[in-house]
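# Structural features, examined
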Amino acid sequence: MREPQSIVVDPLASTVDELYRKFGVWKTARALMSAAWRRRQAKNQISHLSNRMRRDVGLPEEEEEVPIWDICAFIQSRAARPD
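To start, this report covers the structure provided alongside it. None of these values were measured; they are calculated from a predicted model.

The number of helices and strands found in the protein chain is four helices and zero strands. When each of the 83 residues of the protein chain is scored for burial, the buried share is 5%.

Its place among the elements puts Thr28 in helix 2 (residues 25-41). On the accessibility criterion, Thr28 (18% relative accessible area) is buried. Those residues in contact with Thr28 that lie beyond four places of it in its chain are Leu19, Tyr20 and Phe23.

Let us look at the pattern of salt bridges. Two side chains carrying opposite charge are able to pair once their charged atoms lie near each other. Counted under the stated rule, the structure contains three salt bridges. As a salt-bridge pair, Arg21 and Asp17 come within 3.2 Å of each other at their nearest N and O atoms. Taken together, the residues Arg21 and Asp17, both in helix 1 (residues 12-23) and four residues apart, mark about one turn of the helix. Accessibility expressed as a relative area gives 59% for Arg21, which makes it exposed.

The rules behind these values
Residues numbered from 1 in each chain as written. Predicted model: local features only at pLDDT ≥ 70, side-chain atom pairs only at ≥ 80, totals over all residues. Heavy atoms only, no water. Helix = DSSP H or I, 4+ residues; strand = E, 2+ residues; numbered from the N terminus. Buried < 20%, exposed > 50% of the residue type's maximum accessible area, 1.4 Å probe, protein only. Contact = heavy atoms within 4.5 Å. Salt bridge = Lys/Arg side-chain N within 4 Å of Asp/Glu carboxyl O.

Take a look at the structure:
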């Protein structure tokens, strides 16, 4: 049988107090704010998903922008072949 393990966790207040004593108020506050900012930016974003991935997860498809050079290529290809 395994021996029981005890996990020792410092309370948050004592950990923050230790950081304050070691680094000071401003460095601790700046680290906290930057961690909160990084956490805010880490939310799931769907702007980079392709239409196929959007369909797979049940989101509406995004309108695709057609660059001007693709329109020119399409017009040239239509003009080159007779219908």
